[in-house]
There are 2 protein chains.
Amino acid sequence: MSDEVRLIEVKEDIKADNARVAQGLRERMAQSKTFLLNLMSAPGSGKTRTILRTIEELRSRFTFGVLEADIDSKVDAELIAAQGISAVQLRTGGFCHLDASMVVQGLDAMDLAALDVVIIENVGNLVCPAEFDTGAIRSVMILSVPEGDDKPLKYPLMFSVSDVLLINKIDYLGLSDFDVAAARERALRLNPRIEIFEISAKTGQGMEAWTSWLAREASRFLGR
Amino acid sequence: MSDEVRLIEVKEDIKADNARVAQGLRERMAQSKTFLLNLMSAPGSGKTRTILRTIEELRSRFTFGVLEADIDSKVDAELIAAQGISAVQLRTGGFCHLDASMVVQGLDAMDLAALDVVIIENVGNLVCPAEFDTGAIRSVMILSVPEGDDKPLKYPLMFSVSDVLLINKIDYLGLSDFDVAAARERALRLNPRIEIFEISAKTGQGMEAWTSWLAREASRFLGR
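Residues numbered from 1 in each chain as written. Chains lettered and ligands numbered in written order. Predicted model: local features only at pLDDT ≥ 70, side-chain atom pairs only at ≥ 80, totals over all residues. Heavy atoms only, no water.

Participant: Can you help me understand the nonpolar core in this one?
Facilitator: Among soluble globular proteins, nonpolar side chains are generally buried collectively. Counting 116 residues, the largest nonpolar core has A:Leu36, A:Leu107, A:Leu165, B:Leu36, B:Leu107, B:Leu165 and B:Trp210 as its most contacted members. At seven residues, the largest contribution of residues to this core is made by helix α8 (residues 207–222) of chain B. With sequence-adjacent residues up to four places away left out, B:Trp210 is seen in contact with B:Leu37, B:Thr50, B:Thr54, B:Val140, B:Val164, B:Leu166, B:Phe197 and B:Ile199. Within the second largest apolar cluster, 27 residues are counted, among which are A:Ile51, A:Leu52, A:Leu166 and A:Leu214. (Core = buried A, V, L, I, M, F, W, Y, C linked by side-chain atoms within 4.5 Å. Buried < 20%, exposed > 50% of the residue type's maximum accessible area, 1.4 Å probe, protein only. Helix = DSSP H or I, 4+ residues; strand = E, 2+ residues; numbered from the N terminus. Contact = heavy atoms within 4.5 Å.)

Structural data, given as C-alpha cells:
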C-alpha cells in the first residue's frame, strides 16, 4: 500500500517538527512562569466540568486560563468564560487532536504574564491526542465510569503517555459494572508511574486529592 | 504552515482512493448478498453490547458476522466469538479509524457466502471514522447518555454521515442531565433524515424498534 507508506512518512515529519515546537513551547512557559497542563479524554468524559470544578477549588491560589479545542462549536469556551475565567477556543476544523503549533496559536491570544496555570482541553478522542506532544508540562487523562474498565486494553498509548488518570463519574458506580481495581491494575501495568485519582466532578467527591496534586505540581514549577 | 498543507494533500489522495475501494466493496457485497453495516461511536458508548443484543434478537432470521476494529487488543472479538458468532479482529496499529481497504482485508478472512449481515465495529472515536467511507451499506452511530446531549454541536460530521442515531444507555437517564429532546433536535438539524432510536443495550429497553429497522433494511437488501 504505497499510500499508507506515504502517509506515515509525512506523519513522521510532522511529529519531528512537532517535538521541536513542543520543546520550544516548554522553554517559553518556563520563562513566562506558566504551568501548562494538557487534559485528554474520550468525548463526554467530563473534561469541561472537571476543569470548572478544579479551577473553582484552586482559584484563590492560582490565576487560570483555559484553551478549549474542538472540531467545531465554542460551547465549552463559553461555559468557562461565563465563570470569569480567561478562555480561548481553538477550532481544529476537522483535526482530531492538538499539536504544539496549534497550542502556540492559542497561547498567543492569551496574556500569559497574568496566568499561573493554563489548562488545555484537548479534542475529545482517546487515540490521536496521545500521539502529539502539546508542549504541556504535565498530561492528564480522564476515564469515566460509563466508558468501561476495559479502555486501557484498547487505547494503551493514552494511558502510557499520561501522568495522571482521573477516574471520573464515580457517582455512576452503583449503576455500572465498572471494576475500579481492574481499571487501576490495567493502567498501572501500562504505566507504573501514573497517578490515579477517583473523582466525581459533578458531586465533588474525591476532588481534593486531585487538586492537591495539581497545586503541588504547579507550585513547584512556579517556584513558590 | 507548509507541513499542514502537505498532510492535507496526502489525506485527500488517500480519501479519493478510499472512495474507489469503498464503491468496489459495495458492488462486491451486492453480488455476495451480504448487508454491511458500519457502527461508530466514542469509546465506551456500548458498541459491543449493542451488537451482541442486536444479534441475539435477530439471529433466528439472519446469519451474522462481526468485524471488530481496535487500536490494540482483541477483547471485543473474543466476547463476540464466545456467543458463537463469526468474528474477525482488525488491529489498526495506531490508526484511529477504518478505511475501506482495511475492511476488505477483514472481509477476506470471512466466509461471506454464509453470512447475511456483517457488522463493522469501528474504532471508538467520534472524529476520524466519520471521514472515511468504509464501503458499508448503512452507517449507524451511538451516542450514550453519559456523554452528554451537546455532542452534535461538537462532532457534527459524525451525525451528518450516519443513517441512524442510537441513543444508548437510557437506563442512566435518571442520574444524568442529558436532554433527549435537545439531543434529537440537534442531530436532526445536522441531518434531517437520520433515524433516531432510544435504547438500553443493557436492559433491552427500546431495542425492538431499532432491530425492526435493521431487519427491514437487511431484508430489502437481501431481496427477501
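After presenting the structure, the write-up continues.
Participant: Can you help me understand the pattern of salt bridges in this one?
Facilitator: Pairs can form between side chains of opposite charge whenever their charged atoms are close. In the structure shown here, the tally under the stated rule is 32 salt bridges over all chains. Taking the shortest distance from any N to any O, the salt bridge between A:Lys74 and A:Glu78 comes out at 3.9 Å. Its relative accessible area of 43% is what places A:Glu78 among the partly exposed residues. Via salt bridges that share partners, A:Asp76, B:Asp150, B:Lys151 and B:Lys154 belong to a single interconnected network. (Salt bridge = Lys/Arg side-chain N within 4 Å of Asp/Glu carboxyl O.)

Participant: What should I look at first to understand the interface of chain B and chain A in this one?
Facilitator: Often the size quoted for an interface is simply the accessible area lost on bringing the parts together. Taken together, the contact between chain B and chain A spans 45 residues of the former and 45 residues of the latter. Here chain B and chain A share an interface that buries about 3,900 Å² over both sides, 59% of which is from carbon and sulfur atoms. Joining chain B to chain A, the criterion identifies four salt bridges. Ionic pairing is found between A:Asp76 and B:Lys154, a salt bridge with its closest N-O pair at 2.7 Å. Counting every contact that joins chain B to chain A gives ten residue pairs in polar contact (both at pLDDT 80 or more). (Buried area = accessible area lost by both parts, 1.4 Å probe. Polar contact = N/O pair within 3.5 Å; in protein donor to acceptor, adjacent residues only side chain to side chain.)

Participant: Honestly, the pairing of strand β3 (residues 86–91) of chain B in this entry has me stumped. Any pointers?
Facilitator: If a strand is regular, its side chains alternate between the two faces of the sheet. Two strands pair when backbone bridges link them, and strand β2 (residues 64–70) of chain B and β3(B) are joined in this way by six bridges, in the parallel orientation. Each bridged residue has a counterpart across the sheet, and for B:Gly65 the counterpart in β3(B) is B:Ser86. (Pairing = 2+ DSSP bridges.)

Participant: Looking at this structure, I do not really get helix α2 (residues 47–58) of chain B. What am I missing?
Facilitator: Two residues of an α-helix separated by three or four positions point the same way, owing to the 3.6 residues in each turn. For α2(B), with twelve residues, the first-to-last C-alpha span of 16 Å sits near the 16 Å given by 1.5 Å per residue. Every buried residue of α2(B) is listed here: B:Lys47, B:Thr48, B:Thr50, B:Ile51, B:Leu52, B:Thr54, B:Ile55 and B:Leu58. (Expected span 1.5 Å × (residues − 1).)

Participant: Explain the packing of aromatic side chains to me, please; I cannot follow it from the model alone.
Facilitator: On inspection of all chains with the given rule, the structure shows nine aromatic pairs over all chains. With a centroid separation of 6.4 Å and 55 degrees between ring planes, the pair formed by B:Phe197 and B:Trp210 is classed as tilted. Taken together, the residues span a long stretch of sequence, with B:Phe197 in strand β7 (residues 195–198) and B:Trp210 in helix α8 at a distance of 13 residues. By relative accessible area, which is 12% here, B:Phe197 ends up buried. Residue classification places B:Trp210 among the buried positions, given a relative accessible area of 2%. Taken together, A:Phe197, A:Trp210 and A:Trp213 form an aromatic cluster joined through their ring pairs. (Phe/Tyr/Trp six-rings, centres within 6.5 Å; stacked < 30°, edge-to-face > 60°.)

Participant: Help me understand the sheet that holds strand β5 (residues 138–144) of chain B in this model?
Facilitator: Strand pairing in a sheet relies on backbone hydrogen bonds, with the paired strands running either antiparallel or parallel. All names here are of chain B. Taken together, the seven strands give an open sheet; going across it, the order is β3-β2-β4-β1-β5-β6-β7, and neighbouring strands pair in parallel fashion. Each of the sheet's edge strands pairs with one partner strand only, and the pair in question is β3 and β7. In this sheet, neighbouring strand axes are inclined to one another by 20 degrees on average, regardless of whether the strands run parallel or antiparallel. Where β5 and strand β6 (residues 164–168) come together, five bridges link them in parallel fashion. Bridged to Ile142 within β6 is Leu166. (Axes fitted to C-alpha atoms, helices over the stretch in contact; angles between N-to-C directions.)

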